[in-house]
Amino acid sequence: MSFFKSVENELLQDAAAPQIKHGDQEVINLLSRRAGTLHLGLANYCWFIDPDKALCLKLAQIKDRSRPLAGMCDSAGCPQATHHPCHRPVWASAAASSRVFIGKIGRSQKAEKARLTAEAERADHVVAAIDAALATATGGVHGKDQ
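Residues numbered from 1 in each chain as written. Predicted model: local features only at pLDDT ≥ 70, side-chain atom pairs only at ≥ 80, totals over all residues. Heavy atoms only, no water.

Focus: unusual backbone geometry
Phase 1: Positioned with a positive phi, glutamine 61 is a non-glycine residue whose angle comes to about 50°.
Phase 2: Locating glutamine 61 in the fold gives a position in the loop between α3 (55-60) and β3 (81-82). (Helix = DSSP H or I, 4+ residues; strand = E, 2+ residues; numbered from the N terminus.)

Written as structure tokens, this is what we have:
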């Protein structure tokens, strides 16, 4: 029995132990492997790991697949994009601006109103996701936009 308990204790210790980097150089080496894949944007961070999954490249249908197309980024639909609290003001502003324009559109411009409504809902979805992640991380709720 003592043998089985010792094996069980070893398994529990290995499963719970985090990977520890013992020096700055190990951390630098770890980060440098990912440095080329991270592209910082105003509204998201793009982890350009797999060009086949990049929505911007699918939309553009270009031959050069070495880097993402930031100008065509639809980060709300791209699996390689991540949103963080620093991106929240951009998305909240986009939702608010869309709502202002929706209020100014006449009845005859139904297509434009539908497009802006979809944009506002998409931006609201991203803001809600950022707020949910922030609430989970901090145990609180992010304040409402004014």
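Examining a nonpolar patch on the surface
Phase 1: Taken together, the side chains of Met1, Phe3, Phe4, Val7 and Leu11 define a hydrophobic patch exposed on the protein surface, amounting to about 620 Å² of accessible area.
Phase 2: Summarising the element assignment, methionine 1 is placed in the segment before α1 (2-16). (Patch = residues over 30% accessible without salt bridge, like charges linked within 9 Å, V, L, I, M, F, W, Y side chains within 5 Å. Areas by Shrake-Rupley, 256 points an atom, 1.4 Å probe, with all protein chains shown as cover. Salt bridge = Lys/Arg side-chain N within 4 Å of Asp/Glu carboxyl O.)

Here's the deal with the layout of surface pockets
Phase 1: What the largest pocket holds in volume is close to 290 Å³.
Phase 2: If you go around the largest pocket, you meet 21 residues; those closest to its centre are Gly41, Asn44, Leu69, Ala70 and Cys73.
Phase 3: Going through the elements one at a time, β1 (38-40) and α4 (88-104) are the ones with two or more residues in the lining of the largest pocket. (1 Å grid on protein atoms, 1.4 Å probe; cavity = no way out; pocket = protein on both sides within 12 Å on 5 of 7 lines; lining within 4 Å. Points joined across faces, edges and corners; volume = space filled by probe spheres on them.)

Focus on the sheet that holds β1
Sheets are built from strands paired through backbone hydrogen bonds, the pairs being either parallel or antiparallel.
Phase 1: Spatially, β1-β2-β3 is the arrangement adopted by the three strands of the open sheet, whose pairing is antiparallel. The sheet terminates laterally at β1 and β3, the two strands that pair on one side only.
Phase 2: Bridge analysis of β1 against strand β2 (residues 45-47) gives three bridges, and the strand direction is antiparallel. In the sheet register, leucine 40 faces β2, and the bridge partner there is tyrosine 45. (Pairing = 2+ DSSP bridges.)

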